[in-house]
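Summary of structural features
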Amino acid sequence: MLSNYLAAALRNLVRNRLYSSISVAGLGIGLCGALLALLVVRNQLTQDRFVAGYEQLYLAATMTRTQGGVVDYSRSTDGRLAALLKERFRTVQQTGRLYLENGGLQNGDNAADELISWVDPEFFNMARFPVVAGDLATALQRPDGLVLDRHTARRYFGRDDPVGESLQLRSAASRELHAMTVTAVIEDLPAGGTSFQAGVFGSGLAAHSLLAQMDRSSPGEPGSNAAGVFTYARIASSESIPAIEAGLSPVMNALFKSADGSSIALELVRIDRLNRHEGLTPGITAKLALTLLLGFIILLVAAVNYINLFTARADQRALEVGIRKVSGATNGALIRQFLVESLAYAALGTLIAIAITEWSLPYVNAFLNAGATFDYWREPGLLALLVAAPVVVAALAGVWPALTFCAFRPGMVLGAARSQMRGGGLPRQVLVTLQFALLIGLMISAGVVFLQRHFALHQALRLNTDQILMVWAPCREAFLNDLRRIPGVRGFACGGWQWLNEEPNRFTARARDGSPVNLWRVPVDLAVFDLYGLRPVAGRVTLDEAGRQYPQDARHYVINESAARRLGFRTAQEAVGQKIAIPSVVAGAVGGEEIIAVIPDYSLVSVEKAIKPTAYFFEPSQQYLISVKLAAADIPATLAQIDRAWAATGAKAPTSRFFLDERLERMYLSMLRQAQAFGVFAIVALLLTAFGLFGLAMASVARRTREIGIRKALGATTQDVLRLLLWQFGKPVVWANLVAWPLAGWAMQHWLAGFAYHIDLPLWMFPLAGLGALLIALATVSAHALKVARARPMTALRYE
Amino acid sequence: MLKLADVRKIYRTDEVETHALGGVSLEVQAGEFVAIMGPSGCGKSTLLNILGLLDNPDSGQYWFFGEEVARHSERKLTQLRRGGVGFVFQSFNLVDDLNVRENVEVSLLYRGMSGGDRHKRVAAALERVGLAHRAKHLPSQLSGGQQQRVAVARALVGEPKLILADEPTGNLDTENGAAVMDMLREINKAGTTVIMVTHSLAHAAQAQRTVKLLDGQVVSETLLAA
C-alpha cells in the first residue's frame, strides 16, 4: 500500500518539478533558518561546557543595589570572597580566583600583547580544562608556572608541547618583564563558546601577579579589595546554593563598607548559564527570543509556500482522491497518505537544510562571532531533533492540504467539473496575506534597525576619533616630554582605562534636593576634551580664555549632560560653578569640589546603552592610558618615534598601543552584524515569498485558463485580463499592510525606546515597504499573467 | 437486489434549488444488465452516485442488496463500497501518476489484502482485458480504448456485486466502444449486476432493460429480450 502511495507522490513530484523544487527547497531553506537560529541560541545557552564538571562550577556574581535604586550586576567580586566561601560552607569543595591583566608575552623577538588570566594555584583542579600537554593539576603550583592554550603555544614556540620552556611575561602597569615557565598546554578555548576571556593562565603565586599584589596590600589601600576578581567555586549540591548566597551577603556587605548606602548581594551562577543571565548580560533574553522568532518566521513562510502550492494544484490530485474514495478509501487512509507524502517532502527539505547548515555554519559563526556547533552524529539530542523536524513540519504543513483533499466528494471530482475544484481558495488568500504581512513587517523592522544603527554610528558618537592612538603607559613626565618633541604628535592627554567606559567606578553624590544620585567616575586630564573635539556645552575646561590649565588636582571637575540632568539642573549653564562634593577614590586625597564645565554626552561603549551620568576628574594615580592625536601625514614614522620614546624610558617590553577607530569599528561590528543578520533574514523571507507566489501564479493561471478564454472570447482585452490577474495577487499584499503596519510600528517603537538616543519612528518607511512588497508581488506574477493574458482565446479554451 | 423507493435529491446553493431526482423508484435484480438513458441534466449521474453509494438521497429509501443504506454514514457507505461496487467512467479517470498495474491495484488497496494476493488478482484482471503486456505503462502512453480497458479491469478486479458504468463508450470510437461493451456483457454473464448510463441506443440495446429518465423522474422502462 505504501508503495502505491509513494509511487503517486514521487511521480507527482517529478512531473511538477518546478512546484516541487520550490516546495522542497523552500522547506529546506526554512528549516535551515530555524536550525541556524536554534544552534546559535543553543550556543549562547551552553557556554563553557567544555570544562569537565561544569555542572558544579559556579561564578560568584555581585548584585549591587544603590540607594538611588540602580541594580547593577557584575561578574567580578571582592578578592577575599573565595577564602570566605571555602571556609564557611561545607558544600563548597574548591574555590579559585581569576584576575585579568592586559599584559604581554615575549619569546626573543617574538612579542605580542596578551590578556593574562592570573589564577590561584588550585584553579585547574577545580575547573578541569582539556589538556594537550603537561600536568594541569600541578602546573600552577610553582610561582613561575604558566599555562598556554594550543594556538598561543604554537605562536611562541611553533609546537604544541613547549612544556619546560621559558617565556617572558610583561605586566600592564609596571611594564616590567618576568621570566615564566610553560608547565602545561590546554586545548584552545572554543571560539564563541566560553566566558573565559584569555587562554593564557599565570600562577597567582608569582609575586608580580595581580592576585599576589592584591593579597599583599593592606585593607583600605587602593587595590586591596580589588573588585575586578572573578571568583569561581565548585559546589557539590545545587540545593545548598540559596543558603550560601543568603549566608554570605551580610558578610560581603560588612567587607564592602559602602560609603554611599548601597548594598550588595551575592549570586552564584553556574558557568554555562552566565551568558543567559539577564542581569549579567542585559537584553539577552530579548535577543535570543528575536533570533528564534526570525528563524521561525522563515520556516513559517516556507511552510505557507508548501501548503499553498499543494492545495493550489488540488485539481490535479482530485481525481486520484476520487478514485481512491470510490475504491473504498476512508478519510483516515487518505489523510495518512497525504501526510506520508508531506513527510517525504519534509524529509527531502531536512536533508537540504542539513547540507546548507553544514556549509553555512562556519560563515554564520564568523559573522556573529559565535561558536555554534552542528555535530549531530555525536549528539543524540540533535539527531533526534533532525528526525523529529520533518515529522513536525509534515504534520503542521501537511494537515491542511490533507484535509482539503479529503473533503472532495468523489461524485463531484470524477464528473466533468473537475477543473472548477478550488481547493481552499480563501484560506490560501489568507496565508498569502500572512506571508506578505511577515515580509512587510520584516522590511520595516530591518529598515528601522538599519537607520538606527547608522544614526548611532555617525551622529550619536559625538567624538572626533580620527587618528587617535591609544597607548597603554603610565603618564610619567619623561615619556610625555618625549612625546611633545615628536613632530607627528599633535597633542595628547592622559586618562584612566575608564575613559573607554569599560567598567567605570560608580559613586553616590547628592543632588540639589539632597537625594542620592549615582554618578560614574572617569579619571582624565582636562585637556582630553579638546583633543577629542568635545566642546563644553557650558563652562570652560581651562582656567581662562587663554587656555591656562587648572591646577592638577581633582577639585575642579567636569560632568556630562546626563549628570547635570540627574543632579537636578534645568540647564547645563546652571550646573557650572556649583559646588557638589565628591569623595576621592584615593584614600586621603582631595575630592571633587566644583563643577567647571558640562560636556555633551558621548560614549565609547555600546551606543545601545544609555549614556551614564559621569564626572571627569584629574586623578594622576589612576592614569594609565594616553590618548595621542597624530598628524595624518607619515603615521608609520610617527609610530616608530613613539616606540623609540617608550624604549628610552628603560622599559624592556614593546609599546602597547592601538588606534581608537579600529577598536570602535570592532566594537560596532557586532551591532552592525545584528542589523545585517536582520537584513539577511528579511531577504531570505522575501525570496521565499516571491518563489511561493511565482508557483502560486503558475498554478492559478493554469486553473483560470478556461475562464480567461471565455472572458477573451466575450471581448475582454489583454489589459483587462492582465488587470484581473494582477489584482488577484495584489489584493493580499494590500491587505497585508493592514496587519503589518500596526504590529511593526508597535514593535519598533518598543525597540527604539530601548536606546538612549534614537531616531523617530520613520513613518515613511511603512508605505515604502508596502509599495516594495506590492512591486515584488506584481513583478513575480506579471510574466505568467502576461503570457496567459496575451494567448488567443481558442488556445485557452482548448486547454480543457 | 437493488431497490430505490421514492428517492429524492435536491442540490441547493444560496439562490437556486435544483431538483436532481424527484421521487425515483426502481428495482434492479441481482445479475441484471440495466441501461439508463436520458438527456443531459435529467439526473442520470445523481442516480448513479446514489446507486454507487457515493451520495445519500435527501429522502426515500435505498436497499443495497437487502440492506437499507439511505441514512448510512459516509464511513459505512465507504465500507460497503469497498469491494461491493466497481465504477467505469466516460473519461476513464485513471490516475496520471500511477502506471496501469498500480491504477488497477487501487481497487484492492483498502481491503487489507496482502501484496501478493493483490498482485495475482491485478495480473488476472489485466489478462482478462488483454493488457497484461502494458502493466508498467503510464496512462499517458495508452490509447483511449486501452485506457478504458484499464478502467474496466480496475472495476472488475475487486469482483464487485455491482458495476456502474457512466457513459463508458462516450469517449471511444465505434470499434473500441464495441470492445468495451463486449467486456461489460461478459462480466454481466459471469453474474455481476451492471448498470450503465449511455446516450447510445445501440449500446442500450445490449442491456436487458432500459430505464428512461427525464427531469429527475423515471418516465419509461423497456424490457428487451437479451
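Residues numbered from 1 in each chain as written. Chains lettered and ligands numbered in written order. Predicted model: local features only at pLDDT ≥ 70, side-chain atom pairs only at ≥ 80, totals over all residues. Heavy atoms only, no water.

Focus on the overall build of chain A
A tally of regular secondary structure across chain A gives 23 helices and 21 strands. In chain A, the share of contacts with a sequence separation of at least 24, taken over all contacts with a separation of at least 6, comes to 78%. Surface accessibility of chain A: about 34300 Å² in total, with carbon and sulfur atoms responsible for 60%. (Helix = DSSP H or I, 4+ residues; strand = E, 2+ residues; numbered from the N terminus. Contact = heavy atoms within 4.5 Å. Areas by Shrake-Rupley, 256 points an atom, 1.4 Å probe, with all protein chains shown as cover.)

What about the state of the cysteines?
All names here are of chain A. Inspection of the entire model under this criterion finds one disulfide over all chains. Note on cysteine connectivity: C475 is disulfide-linked to C494, with sulfurs 1.9 Å apart. On the S-S bond that ties C475 to C494, the torsion sits near -115°, and the link is left-handed. In this pair, C475 is assigned in the loop between β12 (468-472) and α15 (477-485) and C494 in strand β13 (residues 489-495), connecting sequence segments 19 residues apart. (Disulfide = S-S within 2.5 Å.)

Observations concerning the sheet that holds strand β2 (residues 17-28) of chain B
All names here are of chain B. On the basis of which strands lie adjacent, the open sheet formed by four strands has the order β2-β1-β4-β5 and antiparallel pairing. Of all strands in the sheet, those bounded by a partner on one side alone are β2 and β5 (67-68). Direction of pairing for strand β1 (residues 2-12) relative to strand β4 (residues 59-64): antiparallel, over a ladder of five bridges. When the sheet's bridge partners are listed, A5 is paired in β4 with Q61. Contacts between helix α1 (residues 44-51) and the sheet are confined to β1, β2 and β4, with β1 contributing the most and set at about 125° to the helix. (Pairing = 2+ DSSP bridges. Axes fitted to C-alpha atoms, helices over the stretch in contact; angles between N-to-C directions.)

Some words on empty space enclosed by the protein
Considering all chains together, one arrives at two cavities of 30 Å³ or more under this definition. Lining the largest cavity are 15 residues, and of these A:S327, B:V85, B:G86, B:S107 and B:R154 lie nearest its centre. Among the elements of the structure, α10 (314-326) of chain A together with α2 (74-84), β6 (85-89) and α5 (144-156) of chain B are those that each provide at least two residues to the lining of the largest cavity. Counting residues per element, the lining of the largest cavity draws most heavily on β6(B), at four residues. Of the residues contributing to the lining of the largest cavity, the split by class is seven nonpolar, five polar and three charged. (1 Å grid on protein atoms, 1.4 Å probe; cavity = no way out; pocket = protein on both sides within 12 Å on 5 of 7 lines; lining within 4 Å. Points joined across faces, edges and corners; volume = space filled by probe spheres on them. Nonpolar A, V, L, I, M, F, W, Y, C, P; charged D, E, K, R; others polar.)

Let's talk about the interface of chain A and chain B
Between chain A and chain B, the residue contacts involve 25 residues of the former and 25 residues of the latter. Carbon and sulfur atoms supply 53% of the area that chain A and chain B bury against each other, a total of about 2300 Å² over both sides. For the pair chain A and chain B, the interface holds two salt bridges. Across the salt bridge formed by B:E102 and A:R11, the nearest N and O atoms sit 2.6 Å from each other. Those elements that place two or more of their residues in the side of chain A that touches chain B are α1 (2-15), α10, α11 (331-368) and α13 (410-413) of chain A. The greatest single-element share of the side of chain A that touches chain B, amounting to seven residues, is contributed by α1(A). (Buried area = accessible area lost by both parts, 1.4 Å probe. Salt bridge = Lys/Arg side-chain N within 4 Å of Asp/Glu carboxyl O.)

Re the confidence of the model for chain B
All names here are of chain B. Here chain B averages 89 in pLDDT, while 99% of its residues score no lower than 70. Taken element by element, chain B is modelled with least confidence in α2, mean pLDDT 83, and with most confidence in strand β3 (residues 33-37), mean pLDDT 94. Quick note on the complex model: pTM equals 0.75, ipTM equals 0.80. (pLDDT = per-residue confidence, 0-100.)

Comments concerning the packing of aromatic side chains
Two aromatic rings, taken as a pair, are described by how far apart their centres are and by the angle between their planes. All names here are of chain A. Within this structure, the stated rule accounts for 27 aromatic pairs over all chains. With a centroid separation of 5.0 Å and an interplanar angle of 75°, the aromatic rings of F124 and F201 are classed as edge-to-face. Here the residue F124 occupies a position in helix α4 (residues 123-126), and F201 occupies one in strand β9 (residues 200-203), the gap between them amounting to 77 residues. Taking relative accessible area as the criterion, F124 reaches 3% and is therefore assigned buried. Here F129 and F201 contribute two aromatic rings whose centre-to-centre distance is 5.7 Å and whose plane-to-plane angle is 75°, an arrangement assigned as edge-to-face. One end of the pair, F129, is in the loop between α4 and β5 (131-134); the other, F201, is in strand β9, with 72 residues separating them in the sequence. Classification of F129 as buried rests on a relative accessible area of 4%. (Phe/Tyr/Trp six-rings, centres within 6.5 Å; stacked < 30°, edge-to-face > 60°. Buried < 20%, exposed > 50% of the residue type's maximum accessible area, 1.4 Å probe, protein only.)

What about the confidence of the model for chain A?
Residues and elements named next belong to chain A. Looking at chain A, pLDDT values average 82 and 89% of them are 70 or higher. Taken together, the stretch residues 220-225 has pLDDT below 50 and engages in nine contacts with residues farther than four places along the chain or on a different chain. Counting contacts from residues 416-422, a segment whose pLDDT is below 50, to residues more than four positions away or on other chains yields 18 contacts.

A few points about the nonpolar core
Side chains that are nonpolar tend, in soluble globular proteins, to be buried together. In this structure, A:F374, B:L4, B:L51, B:Y62 and B:I195 are the most contacted members of the largest nonpolar core, which totals 85 residues. Non-local contacts of B:Y62, meaning those with residues more than four positions away in its chain, are made with B:L2, B:K3, B:L4, B:I50, B:L51, B:L53, B:E67, B:E68, B:V69 and B:A70. Among the nonpolar cores identified, the runner-up in size contains 57 residues, and A:L309, A:V701, A:I759 and A:A769 belong to it. (Core = buried A, V, L, I, M, F, W, Y, C linked by side-chain atoms within 4.5 Å.)

A closer look at α5(B)
Residue and element names in this part refer to chain B. For α5, with 13 residues, the first-to-last C-alpha span of 19 Å sits near the 18 Å given by 1.5 Å per residue. The element α5 is largely enclosed, with a buried count of 11 among its 13 residues. Those residues of α5 that fall on the buried side of the exposure criterion are G145, Q146, Q147, Q148, V150, A151, V152, A153, R154, A155 and L156. (Expected span 1.5 Å × (residues − 1).)

Some details on the pattern of salt bridges
A pair can form between side chains of opposite charge whenever their charged atoms are brought close. All names here are of chain A. One pass over the structure, following the stated rule, counts 34 salt bridges over all chains. A salt bridge links E187 to R150; the shortest N-O distance between them is 2.8 Å. Here E187 is found in the loop between β8 (177-186) and β9, whereas its partner R150 is found in helix α6 (residues 150-157), with 37 residues between them in sequence. Residues R378 and D375 are paired through a salt bridge, measuring 2.8 Å at the closest nitrogen-oxygen approach. A residue is classified by how much of its surface remains accessible, and R378, at 60% relative accessible area, is exposed. A cluster of three or more residues bridged by salt bridges with shared partners is formed by R150, R154, D160 and E187.

Some thoughts on a nonpolar patch on the surface
All names here are of chain A. Together, W735, L738, V739 and L743 give the surface a local cluster of nonpolar side chains, amounting to about 440 Å² of exposed area. With respect to the helices, strands and loops of the structure, V739 is situated in helix α21 (residues 718-753). When its relative accessible area of 40% is taken as the criterion, V739 is described as partly exposed. (Patch = residues over 30% accessible without salt bridge, like charges linked within 9 Å, V, L, I, M, F, W, Y side chains within 5 Å.)

Topic: α1(A)
With 14 residues, α1(A) ought to run about 20 Å at 1.5 Å a step, and its terminal C-alpha atoms sit 20 Å apart, in line with that. Along α1(A), the residues that are buried comprise A:N4, A:Y5, A:A7, A:A8, A:A9, A:N12 and A:L13. Looking at the packing, one finds that the buried side of α1(A) touches α2 (17-45), α10 and α11 of chain A together with α3 (100-109) of chain B.

A closer look at the sheet that holds strand β7 (residues 162-166) of chain B
Paired through their backbone hydrogen bonds, the strands of a sheet run either parallel or antiparallel. Residues and elements named next belong to chain B. The mixed open sheet is built from six strands, whose spatial order is β6-β7-β8-β3-β9-β10. The open sheet terminates on both sides in strands that have one partner only, identified here as β6 and β10 (217-223). Sheet twist, expressed as the mean angle between neighbouring strand axes with direction ignored, is 20°. Relative to strand β9 (residues 209-214), β3 runs parallel, the two sharing four bridges. Within β9, the residue paired with V34 across the bridge is R209. The strands touched by α1 within the sheet are β3, β7, β8 (193-197) and β9, with β7 carrying the most contacts at an inclination of about 160°.

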